[in-house]
Amino acid sequence: DLVPEEPTRVPDILHHGWVNVSSSEDLTCNLATTPLQITTEGKLTGEQMISVDVTFKDGGKRQLAISLSSSPQILLSDCIEDPVQITNISHLTTAEVIVWTISKSDTDLTIISNGVVSLVFPFNDSAAVANCSSWKVDTTHVTFTDADTASLERRLKPTNCTAIPGDWPGHIRPDKQLPVSPGTVVGVNCPNGDFNIGDNSVTCNTNLYSNFQYNAKPWCLGLSASGAEVEVGARATLSCELTNMPHYGGYTVEWSLNGEHTTQGVTMGEVVDGKRMSTITVPNSQPGQNYQCYLEGKEEGRDVKLNIFSVKDASRDTRAGETAVIGCLVDNISTHLLTTTMALTI
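Computed from a prediction, not measured in an experiment: that's the story for all the values here.

Student: Before we go on, may I ask you to explain the environment of Asp-194 in this structure?
Tutor: Here Asp-194 lies in the loop between β14 (185-189) and β15 (195-196). When its relative accessible area of 22% is taken as the criterion, Asp-194 is described as partly exposed. For the pair Asp-194 and Cys-220, spaced 26 residues apart in the sequence, the C-alpha separation amounts to 5.9 Å. When residues no more than four places from it in sequence are discounted, the contact partners of Asp-194 are Cys-220, Leu-221, Gly-222, Leu-223 and Arg-302.

Student: Even after reading the chapter, I still don't get unusual backbone geometry, so can you show me in this structure?
Tutor: Trans peptide bonds make up the majority, and among non-glycine residues the majority have a negative phi. Cis peptide bonds are those with omega within 30 degrees of zero, and the linkage from Leu-178 to Pro-179 qualifies with 10°. The residue Pro-179 is located in the loop between β13 (173-174) and β14 in this model. Of note, Asp-78 is a non-glycine position whose phi angle comes to about 65°, a positive value. One can find Asp-78 in the loop between β6 (73-76) and β7 (84-85). According to the relative accessible area criterion, Asp-78 is exposed, its value standing at 53%.

Student: Could you clarify how one ought to interpret the sheet that holds strand β24 (residues 276-282) in this entry?
Tutor: Strand pairing in a sheet relies on backbone hydrogen bonds. The paired strands run either parallel or antiparallel. One open sheet holds the five strands; their spatial order is β15-β18-β20-β24-β23, and the pairing between them is antiparallel. Two strands bound the open sheet, and with one partner strand each, they are β15 and β23 (266-268). Bridge count between strand β20 (residues 236-243) and β24: seven bridges; the pairing is antiparallel. Opposite Cys-240, over in β24, you have Ser-278 as the bridge partner.

Student: Just checking my understanding: could you explain the state of the cysteines for this structure?
Tutor: Throughout this description, disulfide means a covalent bond between two cysteine sulfur atoms. Within the structure shown, the criterion is met by four disulfides. In this model Cys-79 forms its disulfide with Cys-132; the gap between the sulfur atoms is 1.7 Å. Torsion about the S-S bond of the Cys-79 and Cys-132 cystine: about 75°, corresponding to right-handed handedness. Pair noted here: Cys-79 is in the loop between β6 and β7 and Cys-132 is in the loop between β10 (116-122) and β11 (139-144), with a separation of 53 residues, a long-range link. For Cys-79, a relative accessible area of 1% gives the class buried.

Student: What should I look at first to understand the environment of His-91 in this one?
Tutor: With respect to the helices and strands, His-91 occurs in the loop between β7 and β8 (97-104). Distance in space between the C-alpha atoms of His-91 and Ser-118 is 9.8 Å, their sequence separation being 27 residues. Polar contacts involving the side chain of His-91 include one to the main-chain carbonyl oxygen of Ser-113, which spans 2.8 Å.

Student: Got a minute to help me understand the pattern of salt bridges in this structure?
Tutor: A side chain with one charge can pair with a side chain of the opposite charge if their charged atoms come near. In this structure the tally under the stated criterion is four salt bridges. The partner of Asp-78 in a salt bridge is Arg-62, with the nearest N and O atoms 3.9 Å apart. Pair noted here: Asp-78 is in the loop between β6 and β7 and Arg-62 is in strand β5 (residues 61-67), with a separation of 16 residues, a long-range link. We classify Arg-62 as buried; its relative accessible area is 9%. Here Arg-302 makes a salt bridge to Asp-194, at a shortest N to O gap of 3.9 Å. One end of the pair, Arg-302, is in strand β26 (residues 301-304); the other, Asp-194, is in the loop between β14 and β15, with 108 residues separating them in the sequence. Under the relative-accessibility criterion, Arg-302 is labelled buried at 17%. It is possible to trace a salt-bridge network through shared partners that takes in Asp-58, Arg-62 and Asp-78.

Parameters at a glance
- One numbering rule holds for all chains: residues counted from 1, following each sequence as written.
- Totals for whole chains, interfaces and linings use all residues, but because this is a predicted model, local features are given only for residues with pLDDT of at least 70 and pairs of side-chain atoms are given and counted only at 80 or more.
- Excluded from the side-chain calculations are hydrogens and water; all other atoms, namely the structure's heavy atoms, are used.
- Helical segments are the DSSP runs of H or I of at least four residues, strand segments are the runs of E of at least two, and each set is numbered from the N terminus.
- Only protein chains enter the area calculation, which uses a 1.4 Å probe; residues under 20% of their type maximum are buried, those over 50% are exposed, and those in between are partly exposed.
- Any two residues having at least one pair of non-hydrogen atoms within 4.5 Å are treated as being in contact.
- Whether two strands pair comes down to DSSP finding at least two bridges between them.
- Only a pair of cysteine sulfur atoms within 2.5 Å counts as a disulfide in this structure description.
- Polar contacts here mean pairs of N or O atoms no more than 3.5 Å apart (in protein, one a potential hydrogen donor and the other a potential acceptor; neighbouring residues in sequence count only if both atoms are side-chain atoms).
- Salt bridges are defined as contacts in which a side-chain nitrogen from Lys or Arg sits within 4 Å of a carboxyl oxygen from Asp or Glu.

This is how it looks when you write it as structure tokens:
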């Protein structure tokens, strides 16, 4: 089964409609039709707090606060006298960023964290004051207060998934025309024969930071080959480079010669700036040596061209005192046959 996305870091480039939170910012928002979404750091061990003032159609203004301790609690002024614990949070244990989605109807208030319903608080709950009647009215605005120490970014929940996230490495391409509605499964693939080391399909879920749900982030790993052109019998070095490598590495290049796996002369470099180079040394280059490199565990690979040329004596015999033509014929150059001649008087 698909699991909710847990962002791996607080992003330094905003995307997917997220905007930095500003204190005292007044945001038009009807929580019944356009839920409010807020990002916070994932550590639920401190005393930080989400705090917004909610303005209602009747002109009233009430506070909604969430304390982000190890046992998060929510407080609704004029509705809950004592904070109510948010209990369904086990999925947040390893999260570094949390997306909180806050919505309401005329009967309850719902909190979703990283795509999982963490609390549904009925307004007729025994902990409610006067059935939370003041919270049943439609909302018009929310304002982040000075008491808010946790909120990083905010947006109004999108109704559709409009684009593949630009931060997925390698220009992922969808197999459906976007936008699509929540719950739609979208196939994804890589261009130019690159390798997708993540999921081949994702599900639209606008309760998540990137708007898509998956097990492993789609990720296009590139593989390019560089051949060589040498004289027959000479030493040659061929190379293949992985690009868009994850920071943890974990992927290597393998080689084959004439369809048979080989490790002779192979070296594998370290991951540097998302790239990893592998080379193979050919000690005695001969025609008919067909090399291929491929990503470990994948059948399809890249042909690595080893072009072999030969040099032949093309000189002609001459009589003493005549102009001598000394020539070399270089055969099987990859672009054209090259003949070199030199004339001199003996």
